[in-house]
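# Topology and contacts: notes
Here is what each chain is made of, one letter per residue.
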Amino acid sequence: MLWTIGRSGEIDRVNFEWRAYVSPAEGEAFDAAWDRTLREEDRFRWREFCGQTLPCCGVGQIELRLIRCDGAMRWFRVQVAPCGDSDGRQGCYVAVAVDIAGQKQAQQALAENEQRLVASNDAATAAQTQLEQYAITVELANFEAQFAREEAEFANRTKSAFLANMSHEIRTPMTAILGYTDLLLDEFGAAGTAGEWLRTIKINGEHLLTIINDILDISKIEAGKMTVESIAHEIRRLVGEVDALLRGRARDKGLSLRFEIQPDVPRVVLTDPTRLKQILINLVGNALKFTESGSVRVEVRRADAQASLLEIAVVDSGIGMTSDQMERLFNPFTQADSSTTRRFGGTGLGLTIARLLARLMGGDLTVSSRAGVGSTFRLTIDAPAVVDEAAATVTAYGDHAASTLRHDAPSQSPQPTPSGHSTLRCRLMLAEDGVDNQRLISFILRKAGADVTIVENGQLAVETVLAAAKDDPSGPAAFDVVLMDMQMPVCDGYEATRRLRAHGFDRPIIALTANAMSGDRQKCLDAGCTDYAAKPIDRGALLATIAKHL
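### Digging into the overall build of the protein chain
Looking only at helices and strands, one finds 15 helices and 18 strands in the protein chain. Across the 550 residues that make up the protein chain, the buried fraction comes to 41%. Within the protein chain, contacts between residues separated by at least 24 positions form 64% of all contacts whose residues are at least 6 apart in sequence. By element, 53% of the accessible surface of the protein chain is carried by carbon and sulfur atoms, the whole surface being about 28,700 Å².

Structure (structure tokens):
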């Protein structure tokens, strides 16, 4: 659109496009039509532009919104430049209006996109801030969890250290108590009042050790340090060993004790025989303890012909339990009720340990009972049959037919050789700092025929062994075996063993330790020990261990 503007700012000529767009009424002045065409808020801007910008600059540009004759509104860019009038004088202006509606729409779209982008950026920033806050929260939670975990681990380490120390402090004097009791029984016999007193000392000492072992076991299980093995073992052998251990107790109470093994039970299974034996001794021992008359029956069968579960039921005709008593039965340090503890004794840990061990072995331990009638404890464990028995190292026991073992049947399990009949022909060094244990262990060893040298710490042990082997490592002065207490002053048994191995001493070193926590045996072996013997010392086991390595 084109039009001209006079010196006073009035519109005096327009082109056809302007007329078509504005469509002035007949006789209507161009200025009036133009004024009607402008948006109200643009009129002031146009007048200011004509009155101030043009006279000052001579040229100019302004963007206006013009209303079309049909009421539609579009943006135009109006460019104004001077031109001569009809007399050839300056002072008139020509105006060119270009439709920029598309450009404005593009600008608006761009502005909207920019706004959306800003909003998106703001949202992203907010999300990033929220994510950072969440990350901080997670990091704080992880820190708190790590702190709690470290606190729990520290508590477990403290607890384990306390239990290990308690075990050591109790087991060390128990070695002397039980050991000298055995020697007195050997020397003076078990008959008469003195013999009864000595047996009482021994029974109560062994009971104290059982309590210590229970506490250590429950602590290891709670700390997640208890492990179970899976080795080939002849199930009838294990049952026979339990029978041999508990037969005398059943006989003393006048009870019938039977072990029934069904024909479908495999001869050899994969299990942890030590833990299974521990569970059975606890269950059968409890059944005998709480049964005054009648019988205790142990039934061994497959839980499912298609599965590997072995089921062992211990059925007694004892005092039984109520439903309330059964609910509390497997809680630690709990028996049926306080009167049970007073009447029968015990820590209340045995069944808790038995159930936890059963679950570690892939099964469970449950109970059903009637007060005054009796109880049935049902043990299941994962014990798959060993198909290739020739490839498994097992000790045969009994035949594969169904068998019944009674309390008066002769023991079919191997019996240890009495310590007094063992013979050791060797030169032996005993490293032990406890004077009472020095006397006890050296007496047992010398009675068995060993030539014993005693030292009271690890430093002397290293010096004495190396001095004896200096001239002739295989000569008569060299020690054939070393019994090494692992906790001694100056230099402990672990360090002494490492030093001896570093100097080339390759003879057997057998660890003696009152520590019985999880990993203690492996710790001794890792230090270089050949074997391990826990305190209190079992005479027969100790002499057999020494003889095995000579």
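### So, the packing of aromatic side chains
Under the criterion given, the structure shown has two aromatic pairs. Ring geometry for Tyr21 versus Phe76: centroids 5.2 Å apart, planes at 80°, classification edge-to-face. One end of the pair, Tyr21, is in helix α1 (residues 16-22); the other, Phe76, is in strand β4 (residues 73-84), and 55 residues separate them in sequence. With a relative accessible area of 9%, Tyr21 lands in the buried category. Note on Phe76: relative accessible area 5%, which makes it buried. A cation sits over an aromatic face here: Lys104 above Trp75, 4.4 Å from the ring centre. Over the ring of Tyr494 we find Lys523, and its NZ or CZ is 4.6 Å from the ring centre.

### Digging into helix α13 (residues 493-502)
Considered for burial, the residues of α13 that qualify are Gly493, Tyr494, Ala496, Thr497 and Leu500. The buried side chains of α13 occupy one side of the element, clustering within an arc of 165° when seen end-on. Residues of α13 that are buried in the fold lie against α12 (458-469), β16 (481-485), β17 (509-513) and α14 (520-527). At the N-terminal end of α13, a side-chain oxygen is found 3.2 Å from the backbone nitrogen of Tyr494, two or three residues along, and the residue is Asp492. Following α13 by one or two positions, Gly504 has its phi on the positive side, about 90°.

### Regarding the packing of helix α6 (residues 235-253) against helix α7 (residues 273-289)
Look at α6 against α7: their axes get within 10 Å of each other, and the N-to-C directions meet at 25°. Judged by the inter-axis angle, α6 sits roughly parallel to α7. Remark: the crossing between α6 and α7 carries right-handed chirality. Counting all contacts with α6, which are made through Ile235, Leu238, Glu241, Val242, Leu245, Leu246, Arg249, Ala250 and Lys253, the residues of α7 involved are Pro273, Leu276, Lys277, Leu280, Ile281, Val284, Gly285, Leu288 and Lys289.

### Here's the deal with a nonpolar patch on the surface
Side chains of Leu2, Val96 and Val98 sit close together on the surface and give an oily, nonpolar patch of about 200 Å² of accessible area. As for its placement among the helices and strands, Val96 is situated in strand β5 (residues 90-99).

### Points about the confidence of the model for the protein chain
Put simply, the protein chain has an average pLDDT of 81, and 84% of its residues get 70 or more. Contacts of residues 391-421 to residues separated by more than four positions or lying in other chains number 67 contacts, the stretch itself having pLDDT below 50.

### A short note on the sheet that holds strand β14 (residues 427-431)
Sheet architecture is open: five strands sit in the order β15-β14-β16-β17-β18, paired in parallel fashion. Here the strands that pair on one side only, and so sit at the sheet edges, are β15 (451-455) and β18 (531-534). The sheet shows a mean angle of 20° between the axes of neighbouring strands, direction not considered. As paired elements, β14 and β15 share five bridges and run parallel to each other. Counted as the bridge partner of Arg427 is Asp451 from β15. Along the sheet, α13 contacts β16 and β17; its crossing angle with β16, the most-contacted strand, is approximately 150°.

### Regarding the environment of Pro384
Locating Pro384 in the fold gives a position in the loop between β12 (374-382) and β13 (403-406). Residue classification places Pro384 among the partly exposed positions, given a relative accessible area of 26%. Those residues within four positions of Pro384 in sequence are excluded, and the remaining contacts are Val268, Val269, Leu270 and Ser308.

### Describing the environment of Ala496
Within the element layout of this structure, Ala496 appears in helix α13. Since its relative accessible area comes to 0%, Ala496 is described here as buried. For the pair Ala496 and Asn457, spaced 39 residues apart in sequence, the C-alpha to C-alpha distance is 8.8 Å. Among residues more than four places away in sequence, those in contact with Ala496 are Gly458, Val462, Met484 and Cys491.

### Notes on the packing of helix α11 (residues 435-447) against helix α15 (residues 539-549)
Relative placement of two packed helices is described by the angle separating their axes and the distance separating the axes. Their axes nearest at 11 Å, the elements α11 and α15 cross at an angle of 60°. The pairing of α11 with α15 is recorded here as oblique in orientation. When the axes of α11 and α15 are compared, the crossing they make is right-handed. Mapping the contact onto sequence places Ile441, Ile444 and Leu445 in α11 and Arg539, Leu542, Leu543 and Ile546 in α15. Across the contact of α11 with α15, the residue classes break down as six nonpolar, no polar and one charged.

Conventions adopted
Residues numbered from 1 in each chain as written. Predicted model: local features only at pLDDT ≥ 70, side-chain atom pairs only at ≥ 80, totals over all residues. Heavy atoms only, no water. Helix = DSSP H or I, 4+ residues; strand = E, 2+ residues; numbered from the N terminus. Buried < 20%, exposed > 50% of the residue type's maximum accessible area, 1.4 Å probe, protein only. Contact = heavy atoms within 4.5 Å. Areas by Shrake-Rupley, 256 points an atom, 1.4 Å probe, with all protein chains shown as cover. Phe/Tyr/Trp six-rings, centres within 6.5 Å; stacked < 30°, edge-to-face > 60°. Lys NZ or Arg CZ within 6 Å of the ring centre and 35° of its normal. Arc of directions from axis to C-beta. Polar contact = N/O pair within 3.5 Å; in protein donor to acceptor, adjacent residues only side chain to side chain. Axes fitted to C-alpha atoms, helices over the stretch in contact; angles between N-to-C directions. Parallel < 35°, antiparallel > 145°, perpendicular 65-115°, else oblique. Left-handed = near helix turned anticlockwise from the far one by under 90°. Patch = residues over 30% accessible without salt bridge, like charges linked within 9 Å, V, L, I, M, F, W, Y side chains within 5 Å. Salt bridge = Lys/Arg side-chain N within 4 Å of Asp/Glu carboxyl O. pLDDT = per-residue confidence, 0-100. Pairing = 2+ DSSP bridges. Nonpolar A, V, L, I, M, F, W, Y, C, P; charged D, E, K, R; others polar.

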